Amino acid sequence: MAAWPCFAPPQTTYALDNACPHKKGPLADGIVHGSAVTCPLHNWVISLETGTVQGADEGQVATYPAKVAEGRIYLDAAFLMQRTPA
Ligand code: FES
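Now for a description of the structure that goes with this document. (Residues numbered from 1 in each chain as written. Predicted model: local features only at pLDDT ≥ 70, side-chain atom pairs only at ≥ 80, totals over all residues.)

A word on the nonpolar core
Applied cut-off: In these notes, a nonpolar core means any group of buried Ala, Val, Leu, Ile, Met, Phe, Trp, Tyr and Cys residues linked to one another through C-beta atoms within 7 Å. Burial is judged by counting other C-beta atoms within 10 Å of a residue's own C-beta: 20 or more means buried, 12 or fewer means exposed, and anything between counts as partly exposed, with every C-beta placed from the backbone. Each helix is a run of DSSP H or I of at least 4 residues and each strand a run of E of at least 2, with the numbering of both proceeding from the N terminus. Working definition of a contact: two residues with C-beta atoms, positioned from the backbone, lying within 7 Å.
Residues Tyr14, Ala15, Leu16, Cys20, Leu27, Val37, Cys39, Trp44, Ile46, Leu48, Val53 and Val61 constitute the largest nonpolar core, which totals 12 residues. Per-element accounting of this core gives the leading share, 3 residues, to strand β2 (residues 13-16). Residues in contact with Val37, not counting those within four places in the same chain, are Leu27, Gly30, Ile31, Val32, Ile46 and Leu48.

This is how it looks when you write it as structure tokens:
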């Protein structure tokens with residue numbers, strides 16, 4: 001899983017699976033721009049808000065509710081417990 005706290009307004013924190021839907025590239029090593037991340041392997045662009053691949057490519061990454069408090073990123077444990085193992 002990869003998480004990005006965005007400190008520019010609206011100060012949203014995003015958490016996604018750390019595997020690009022193309023060939024499992026490490027999204028945590030990607031470049032974040034606006035509310036999207038570009039995969040470092042082949043430049044697919046993925047929405048941090050929805051996990052949907054943008055543009056002509058197709059795919060989906062799981063997203064998770066997250067927030068920053070006291071300098072730490074917190075995930076919603078109840079949401080994670082409901083998730084079906086892959
Ligand atoms: S692995 Fe991410 S774009 Fe190919």
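Quick notes on the environment of Leu48
Turning to its location among the elements, Leu48 is positioned in the loop between β5 (45-47) and β6 (63-64). Overall, Leu48 belongs to the buried group, with 23 C-beta atoms counted inside 10 Å. Remark: the alpha-carbon pair of Leu48 and Trp4, spanning 44 residues in sequence, is separated by 8.7 Å. Ignoring any residue separated from it by four or fewer positions in sequence, one finds Leu48 in contact with Trp4, Tyr14, Leu16, Ser35, Ala36 and Val37.

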